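Structural characterization, general
This is what each chain is made of:
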Amino acid sequence: LSLVAFDVVHVHEPLAPSPALAALRHTGGVTAATFYRPEQLAGVAFVRPLVERAVARVDTWIAASESARRAVRELFGRDCTVVSPGVDPAVFPPVTEPVTPPALTIVTRAPDRAGVRFAVSVLRTLDLEQVGPITILGPREAPWRTRAAVPKALRERVTAIADTGADPRSEAFGRGG
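Residue numbers run consecutively from 1 along every chain, following the written order of its sequence. Local features are withheld for residues below a pLDDT of 70 in this predicted model, meaning they are given only at 70 or higher, and side-chain atom pairs are given and counted only at 80 or more; totals for whole chains, interfaces and linings count all residues. Where side-chain values are given, they derive from all heavy atoms of the structure, hydrogens and water being excluded.

Looking now at unusual backbone geometry. At E13, a residue that is not glycine, the phi angle is positive and equals roughly 50°. Following the sequence through the fold, E13 ends up in the loop between β1 (8-12) and α1 (19-26). Helix and strand assignments come from DSSP, with helices taken as H or I runs of at least 4 residues and strands as E runs of at least 2, each series counted from the N terminus.

Once that is clear, we can look at the nonpolar core. Side-chain atoms within 4.5 Å are what join buried Ala, Val, Leu, Ile, Met, Phe, Trp, Tyr and Cys residues into a set we call a nonpolar core. Working definition: with a 1.4 Å probe on protein chains only, accessible area under 20% of the residue-type maximum means buried, over 50% means exposed, and in between means partly exposed. V11, F35, V55, W61 and F76 are the most contacted members of the largest nonpolar core, which totals 20 residues. Mapped onto this core, the elements with two or more residues apiece are β1, α1, β2 (30-35), α2 (48-55), β3 (60-63) and α3 (66-76). In contact with W61, not counting residues within four places along its chain, are A33, F35, V55, V72, F76, R78, D79, C80 and T81. Counting residues in each nonpolar core, the second largest holds nine residues, with I106, V131, V150 and L154 among its members. The criterion used for residue contact is that any of the two residues' heavy atoms lie within 4.5 Å.

Attention now moves to the side chain of T105. Inspection of the secondary structure assignment puts T105 in strand β5 (residues 104-107). On the basis of relative accessible area, T105 is assigned to the buried category, the value being 13%. Pairs of N or O atoms are called polar contacts if they sit within 3.5 Å, as long as, within protein, a hydrogen donor faces a hydrogen acceptor (for residues adjacent in sequence, only side-chain-to-side-chain pairs). Of note is the side chain of T105, whose polar atom sits 3.0 Å from the backbone oxygen of A172.

Angles here are taken between N-to-C directions and fall from 0 to 180 degrees, while the axes themselves are lines fitted to C-alpha atoms, restricted in helices to the stretch in contact. Remark: α1 packs on α2, axes separated minimally by 8 Å, with the N-to-C direction vectors making an angle of 55°. Taken together, the axes of α1 and α2 are oblique relative to one another. Every pair of crossing elements has a handedness; the one defined by α1 and α2 is left-handed. On α2, the residues touching L21, L24 and R25 of α1 are L50, V51, A54 and V55. Residue composition of the contact of α1 with α2, grouped by class: six nonpolar, no polar and one charged. These descriptions rest on fixed angle ranges, namely under 35 degrees for roughly parallel, over 145 for roughly antiparallel, 65 to 115 for roughly perpendicular, and the rest for oblique. By definition, any crossing whose near helix is turned counterclockwise from its far helix by less than a right angle is left-handed, and any crossing with a clockwise turn is right-handed. All residues other than Ala, Val, Leu, Ile, Met, Phe, Trp, Tyr, Cys, Pro, Asp, Glu, Lys and Arg, Gly among them, are scored as polar; the first ten of these are nonpolar and the last four charged.

Before going further, it helps to examine the pattern of salt bridges. A carboxyl oxygen of Asp or Glu within 4 Å of a side-chain nitrogen of Lys or Arg is what we treat as a salt bridge. Scanning the model with the defined rule gives four salt bridges in all. For R69, the salt bridge is made with D79, and the minimal N-O distance between the two is 3.0 Å. Here R69, found in helix α3, pairs with D79, found in the loop between α3 and β4 (81-82); they are 10 residues apart in sequence, far enough to count as distant. The exposure class of R69 is buried, given its relative accessible area of 12%. Note on D79: relative accessible area 44%, which makes it partly exposed.

Turning our attention to the side chain of T34. Following the sequence through the fold, T34 ends up in strand β2. T34 sits in the buried class, given a relative accessible area of 6%. In terms of polar contacts, T34 uses its side chain to reach the side chain of H10, at 2.6 Å.

Strand order in the open sheet formed by three strands is β5-β6-β7, with parallel pairing between adjacent strands. The sheet terminates laterally at β5 and β7 (158-162), the two strands that pair on one side only. Here the average twist between neighbouring strands, direction ignored, is 20°. For two strands to count as paired, DSSP must find a minimum of two bridges between them. With four bridges connecting them, β5 and strand β6 (residues 134-138) associate as parallel partners. In the strand pairing of β6, I106 is matched with I136. In this fold helix α4 (residues 114-125) packs onto β5, β6 and β7, with an angle of close to 150° to the strand it touches most, β5.

Centre distance within 6.5 Å is the pairing criterion for rings of Phe, Tyr and Trp, where only the six-membered ring of Trp is used; planes under 30 degrees apart are then read as stacked, over 60 as edge-to-face, and the remainder as tilted. Scanning the model with the defined rule gives two aromatic pairs in all. Centre to centre, the rings of F35 and W61 are 5.5 Å apart; their planes meet at 15°, and the pair counts as stacked. Of the two residues, F35 sits in strand β2 while W61 sits in strand β3, which places them 26 residues apart along the sequence. In this structure, F35 and W61 share a single accessibility class: buried. What links up through ring pairs into an aromatic cluster is the set F35, W61 and F76.

Following this line, the structure appears as structure tokens:
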């Protein structure tokens, strides 16, 4: 979190010493926290000042249940919005099938070609009628090795790009998902 300035950080169950609590302490963006426990944590009193400083940075308080909301209210004197786990299918439109097969980008950086060989072995198991253009972002050391590792039958479908920095990565990721 200290290397990238995220706009929003959403942590889950940020009580007691945990990665979620550490994330709250170090984030600079808007924060949301979701609480699941219906009871107070044993031992929180020991680290209460640390927990209170961290959760003071929370902008949006969410509870997964009414009982979790009551526990947060008792522990911190804060109210939460109750959002039950799951997805409401009425909120999202149905997924439509793509008109063309989706593109595929494979990232492999192992200089010994082990990653490229693994990627090619996975490609061989795919139904290629279901896959669009294929891009392999390979090791920077020898881009021709990546290209040579692709079987002749797949070479017209595969673009090999050497991972030499941000521009080649942007190109590779822009080609597929």
